[in-house]
Every structure is written in structure tokens, then in C-alpha cells.
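Chain residues, written in single-letter form:
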Amino acid sequence: MKIIFLGIMFCDEALKHVYKDSLRGVSMAPHIFQTNLLSGFESLNDVSVEVINIPPTGSFPINNKRLYSKGYYWGENNYQIGYLNLPRIKWSVHKKKLLKELDNRLAVVKDMRDVSIIAYSVYEPFLDVFIDIKAKYPEVQLCLIQTDPIMGRGERDRYMTPAAVEEGNRIVAKAKVVDKFVLLTKFLADAIEVGTRPFSVVECVCNPNQPQSKEGLHRNICLYTGTLNEEFGIKELVDAFNYIKNGELWICGEGDTKEYILEREKIQPNIKYLGYLTREEIRKCQDECDFLINPRRPSGTYTMYSFPSKTAEYMMTGKPVIMYKLEGIPDEYDEYLNYLYEKQPFGIAHELEYFFNDLNYDELVRKAWKGRTFMQNSKSCNEQAEKIIELLKNA
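The rules we used
Residues numbered from 1 in each chain as written. Predicted model: local features only at pLDDT ≥ 70, side-chain atom pairs only at ≥ 80, totals over all residues. Heavy atoms only, no water. 1 Å grid on protein atoms, 1.4 Å probe; cavity = no way out; pocket = protein on both sides within 12 Å on 5 of 7 lines; lining within 4 Å. Points joined across faces, edges and corners; volume = space filled by probe spheres on them. Helix = DSSP H or I, 4+ residues; strand = E, 2+ residues; numbered from the N terminus. Nonpolar A, V, L, I, M, F, W, Y, C, P; charged D, E, K, R; others polar. Patch = residues over 30% accessible without salt bridge, like charges linked within 9 Å, V, L, I, M, F, W, Y side chains within 5 Å. Areas by Shrake-Rupley, 256 points an atom, 1.4 Å probe, with all protein chains shown as cover. Salt bridge = Lys/Arg side-chain N within 4 Å of Asp/Glu carboxyl O. Expected span 1.5 Å × (residues − 1). Contact = heavy atoms within 4.5 Å. Pairing = 2+ DSSP bridges. Axes fitted to C-alpha atoms, helices over the stretch in contact; angles between N-to-C directions. Buried < 20%, exposed > 50% of the residue type's maximum accessible area, 1.4 Å probe, protein only.

Visitor: Before we move on, can you summarise the layout of surface pockets with the specific residues and values?
Guide: Each pocket or cavity is described by its volume, and for the second largest pocket that value is around 260 Å³. If you trace the second largest pocket, you find 15 residues lining it, with Met9, Cys11, Asp12, Thr35 and Trp74 closest to the centre. Of all elements in the fold, only α1 (12-15), α3 (29-42) and β4 (72-74) reach the threshold of two or more residues within the lining of the second largest pocket. Top contributing element to the lining of the second largest pocket by residue count: α3, with five residues. For the lining of the second largest pocket, a count of residues per class yields eight nonpolar, four polar and three charged.

Structure (C-alpha cells):
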């Protein structure tokens, strides 16, 4: 089987300057998902993979320092599209270059039934190209990986604007051309109107060789790494530590509660804001902490469509993970995670102190080790790649 993968990730060249060039922070979760999945595909027999990539850089000059993103080939058959990094202009360039590159590759294929084009996300140039490719090569199989809610369809309230609803409707209409889907949660099937078309749920893709974190400092240090938006429960978590005397909260990231966190840090000695860190710096923090925590609560339809990427990242460290049970988290994870139930600061503090004081930490670590083993055996890049190949091969 031949796979042509349309990606939105950072190639090795781009990774060298991604943090330096970004003006609004960088989300590495999509990059990690895609690179791990590609690693899985490449490990399989009888599967060849070619990548056409667009780096997920914000537009110049507000979100990124670079006006131009250069194009180049790497490896045997992989290509990164170059473009002028300006809003709207780059979208039309992406579509034009994607279509040309795909056309060149498909023109030499003898049996189109052996080809699958997989696109990561409902980026509209991908869907526009899908429509054109399907019209010219109807036997080519089109597969869409969807890991985020559709704008205007069960999204967070502040995104439910008329423009968002219109965008969501437009995306769903264009996605009618897709043959098969890979979804982060089963609930996304309704949001994107999969209907009777085949789909598979792949909530995460892990590197089984990711090193386990070192033993922590034994100070009941809870580490949060991620977006610091109020809707994710960050303020309540910070306030909870005002009631905790024998624990610390370390926070890494950017978001709309950053100023609030900095103010609380001045008067709460057990709050430590570490700023926006690289992956390597985060790993060092994970070595030192005792717990990894995610305060995102199961409120609103958004969490139905969400399997937080940090759940997999946290579990692979082998450290105890504290979080809420979101609707998008399959039940098979329950035995490896430690759930919060209270939503107000005092209640959260009481539950955290239960983990700190009443439970045996060594038992919690053994539970976390089992979770890491579960991820390595069931959610590895090889396992998840095989799951997608099976979806593609079945009629």
C-alpha cells in the first residue's frame, strides 16, 4: 500500500528555529501525533509513505517573525511546501502547490486502488485538494484524521459565533468527499457527519521508547504543562493550592490566566510559574515533580471531542497522573489514572491532600508504571499505525 500523507508539522530544519520565530507560543501536540504515526507507518511491511508537509507556523507579522517559509525536499520522497507567510495568501498557495505535487505523484501510479491519501486535520486547503483529486482520480482513497472539534459544532461557547457556524458547515460539506476517517474520540463522528462511512478511533500515538521520568523530589510537586486558558480550570487549581500547606504547583505554558498566576505566585509560596518551556526543559521538570496534573473539567460539549494530548504524554512518564474523567477518555484508561471530582478550589484541595497524605505514594507509582506499560503495548506508534492500515484495507 502506498500512503501519501498531508501533514502539518515541523520538519527537522524547521524545529531548529520554531521557538525562536514564534511570537505566540507553539503547540507541539499535533507535531508529536503526526511524527509518531509516521514512524509507525514506516515500521510496517508492504507500506510505503511519502509526505507533503506544511509547517504550522503562525502568520507574519503578528504570530511569527518569518515572512517566508522555504520549500525543500527531504528523505526520498518527502516535500515541504514553501510559501509567503501572510494570511489568506498562503492558503491559496498551499492549495495550488499541494494539488501540483499530488498530481505529479499520482500521474505515475499504475493502480490507484493501492493509493491512500491521508490528511491531518480539516485544514481547508487539504479538503479543497481532496475534492479536486477525487474528481480526477476517483479510485484513490481519501482518509481524514480529525483530532479537534469542528468550529461552530459543539465548540466552546465563545467560538459559537455566526462566522464559526458558517465555517463549520462549510468544512462538513467539503468533508463529504472523504472516504474514511480517523477520529480522536467517537463523538467526533457526529460532529463531522461521518454517517455510514468507516472510521476508527485513535486517541493518541505514543513513542514506546520515550524515556521514563526520574524519581521526583518528594515534595508533593504537581506539574501542569499546557495552555493556561481560564476555561481549562487553571484558576481553580491555583486557588486550590491556597488551602494546601504540604504541596507545590509548578506551571508551564502561556494563556489568558498568565497574569493571574503571576499575581498569585507573589502571595502563594507554593505556586511556581516557569514560563513557556521547550520539550527538553519540560522533561527536566517532569523528572523533578511527583505528580502530573490536568485541571480540564468535564463541562460543555467540547470535552466530548477531547482526549487531551497531555494525558498520553503524562502517562508515558511513569509518574502518577491526576485529572478529571472527560467524556472523550475511553474507560480502559480508568485503572491507570487518578480522578478529581470536585470543581471548586476548597474541594479540589481536599482531594489533592487525599492523594498527598492518605494514599501510599509507592502504590500510586506502581499504578502509573502499569499505565506506561499499557500505553507502550496498546497505544504505540506501531499499534496505532496498524489500526489505521486495517481501516484503509477494509472495504
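Moving on, there is more to tell.
Visitor: Can you break down a nonpolar patch on the surface residue by residue, with the values?
Guide: Residues Leu67, Tyr68, Leu84 and Ile89 make up a contiguous nonpolar surface patch of about 350 Å² in total accessible area. Structurally, leucine 84 can be placed in strand β6 (residues 83-84).

Visitor: So what about helix α5 (residues 124-136)? Which residues, and what values?
Guide: The end-to-end C-alpha separation of α5 is 19 Å, in line with the 18 Å expected for 13 residues at 1.5 Å each. Looking at the buried positions of α5, the neighbouring elements they touch are β1 (2-7), α4 (89-106), β7 (115-120), β8 (141-146) and α6 (162-174).

Visitor: Any chance you could break down the environment of glycine 255 for me, citing the residues and the numbers?
Guide: For glycine 255, the position within the fold is in the loop between β12 (248-252) and α9 (258-267). In the structure, glycine 255 is positioned 25 residues away from glutamate 230 in sequence and 8.1 Å away in space, judged by C-alpha atoms. Filtering out sequence-adjacent residues up to four positions away, glycine 255 remains in contact with Leu228 and Asn229.

Visitor: Account for the sheet that holds β12, with residues named and values stated.
Guide: Spatially, six strands are ordered β13-β12-β11-β14-β15-β16 in an open sheet, and the strand pairing comes out parallel. Strands at the two margins of the open sheet, each flanked by one partner only, are β13 (271-275) and β16 (338-340). Taken over all neighbouring pairs, the strand axes of this sheet differ in orientation by 25° on average, direction set aside. Strand direction decides the pairing type here: strand β11 (residues 221-225) and strand β14 (residues 291-294), joined by two bridges, are parallel. Bridged to cysteine 222 within β14 is phenylalanine 291. Relative to β13, α9 is tilted by about 135°, and along the sheet it contacts β12 and β13. This element, helix α12 (residues 345-358), spans β11, β14, β15 (321-324) and β16 of the sheet and lies at about 160° to β16.

Visitor: Explain unusual backbone geometry to me, using residue names and the numbers behind them.
Guide: With an omega of 0°, the peptide bond running from phenylalanine 60 to proline 61 counts as cis. By the element assignment, proline 61 lies in the loop between β2 (48-53) and β3 (68-69). Despite not being glycine, arginine 88 shows a phi value in the positive range, around 65°. Tracing the backbone through its elements, the reader meets arginine 88 in the loop between β6 and α4. Looking at arginine 88, the relative accessible area reads 64%, which means it is exposed.

Visitor: Help me get a handle on the environment of proline 298, residues and values and all.
Guide: Structurally, the position occupied by proline 298 is in the loop between β14 and α11 (309-315). Note: C-alpha distance between proline 298 and leucine 326 (28 residues apart in sequence) is 5.0 Å. Leaving out residues up to four positions away in the same chain, proline 298 has contacts with Thr303, Tyr324, Lys325, Leu326, Glu327 and Lys343.

Visitor: Can you explain the sheet that holds β7? Please cite residues and give values.
Guide: Pairing in this open sheet of eight strands is mixed, and the strands run β4-β5-β2-β1-β7-β8-β9-β10 from one edge to the other. Looking at which strands have only one partner, the edges of the open sheet turn out to be β4 and β10 (199-201). Within this sheet the neighbouring strands show an average axis-to-axis angle of 20°, counted without direction. Of the strand pairs in this sheet, β2 and strand β5 (residues 78-80) are connected by two bridges, and their pairing is parallel. From the neighbouring strand, asparagine 53 faces β5, where its bridge partner is glutamine 80. Across the sheet, α3 lies against β1, β2, β7 and β8, angled at about 170° from β1, the strand it touches most. The strands touched by α4 are β1, β2, β4, β5 and β7; relative to β2, the strand with the most contacts, the crossing angle is about 160°.

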